[in-house]
Amino acid sequence: MRSITAFLAGLAIATPALAAVPSLEVPACPDKGTLTYNQSVPDKTNFPNTQVDLCYEDKSISITFTAYEETNFFYNDTYTTNDPIYEYEVMETFISRGTADPQTYLEFEIAPNNVTFQASIYNLSKTASDTAPFDTAYWTDPLTDGFTATTTLSKPNETWISVVKIPLGLFNVDDGQAKGTQWRMNFFRTVVAPSTFPEQVLGAWSPPDEAFHVTRFFGRVLFV
Ligand SMILES: *[C@@H]1O[C@H](CO)[C@@H](O)[C@H](O)[C@H]1NC(C)=O
Ligand SMILES: *[C@@H]1O[C@H](CO)[C@@H](O)[C@H](O)[C@H]1NC(C)=O
Ligand SMILES: *[C@@H]1O[C@H](CO)[C@@H](O)[C@H](O)[C@H]1NC(C)=O
Ligand SMILES: *[C@@H]1O[C@H](CO)[C@@H](O)[C@H](O)[C@H]1NC(C)=O
Ligand SMILES: *[C@@H]1O[C@H](CO)[C@@H](O)[C@H](O)[C@H]1NC(C)=O
């Protein structure tokens, strides 16, 4: 595997004004690139350990989300595909191909009961304002589109593991052409108990200065 130093050196030459966001090299499956996080958003206080393993296949990005120290396993069992599962507990990723701070990106979330949310987000102004227009285009047939998910919960181990595949075609990557592509991604987890609902604690790989959708904080990912 190429060294992360070589990857960072290449980026520094190409774009000297990069924000300080984390980077990850991701190999072809079955090898994996692994990131972990345990900081809350936006305060960066202690947050349950969370791990994400990534690799790419011919047609998809394979992502294993692992929630450690999980005690709530809290979801709403009336919610189904593309419902607001983020009001409860989810693990999620934002994904955009390329190196720029994206204006449009995939938002993918999974709940402890294996229900998923998948949509393209279009942030019309890219400015922080409560009234700034923001649109969501849902992917309504995820199985046909090539999204897959498998979820395993272990209450004694306090773990929740969801293994998902995200189709590369959504990002105009043809079959078998993922090697060498560059990405911006972030990863989040929400924690909320029945007793504290709807108040959530959020954690992120690259914690933004406000909750969630601030794309300049998306980390940098290279498929090697
Ligand atoms: C948080 O993550 C860092 C880096 O992986 C690790 O060194 C540290 O022990 C973790 N903190 C806790 C409280 O688990
Ligand atoms: C689940 O969602 C329904 C519909 O919004 C709501 O009536 C119900 O109270 C929710 N259940 C929980 C456990 O929050
Ligand atoms: C739109 O993008 C800006 C800049 O990244 C961000 O501050 C804002 O929160 C985003 N809007 C929404 C509704 O997510
Ligand atoms: C989770 O959902 C997927 C469909 O997205 C399904 O194939 C799988 O069997 C479900 N169940 C579990 C336990 O992961
Ligand atoms: C719980 O952890 C043990 C030890 O790592 C492992 O053998 C077992 O398979 C885990 N159980 C589940 C349901 O994940």
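This text goes with the structure placed above it.
Predicted, not measured: the structure shown is a model, and the values here were computed from it.

Here the focus is the site of ligand 1. Close to ligand 1 lie Thr-36, Asn-38 and Asn-49. Within the side chain of Asn-38, a nitrogen or oxygen atom sits 2.3 Å from an oxygen atom of ligand 1. Within the side chain of Asn-49, one N or O atom sits 3.0 Å away from an oxygen atom of ligand 1. With the chains in place, 30% of the 370 Å² that ligand 1 exposes on its own is no longer accessible.

Within strand 3 (residues 46–56), 8 of the 11 residues are buried, which leaves it mostly tucked inside the rest of the structure. Bridge count for strand 2 (residues 33–41) against strand 3 is 6 bridges, and the pairing is antiparallel. Each bridged residue has a counterpart across the sheet, and for Gly-33 the counterpart in strand 3 is Leu-54. Once strand 2 ends, the chain turns through 4 residues before running back antiparallel as strand 3, passing Lys-44 with a positive phi of about 60 degrees. In terms of strand pairing, strand 3 meets strand 4 (residues 60–67) through 7 bridges, oriented antiparallel. When the bridges of strand 4 are listed, Val-52 appears paired with Phe-65.

Calculation rules
- Residues numbered from 1 in each chain as written.
- Chains lettered and ligands numbered in written order.
- Predicted model: local features only at pLDDT ≥ 70, side-chain atom pairs only at ≥ 80, totals over all residues.
- Heavy atoms only, no water.
- Near = heavy atom within 4 Å.
- Polar contact = N/O pair within 3.5 Å; in protein donor to acceptor, adjacent residues only side chain to side chain.
- Areas by Shrake-Rupley, 256 points an atom, 1.4 Å probe, with all protein chains shown as cover.
- Buried < 20%, exposed > 50% of the residue type's maximum accessible area, 1.4 Å probe, protein only.
- Helix = DSSP H or I, 4+ residues; strand = E, 2+ residues; numbered from the N terminus.
- Pairing = 2+ DSSP bridges.

So yeah, pure geometry; function would need other evidence.
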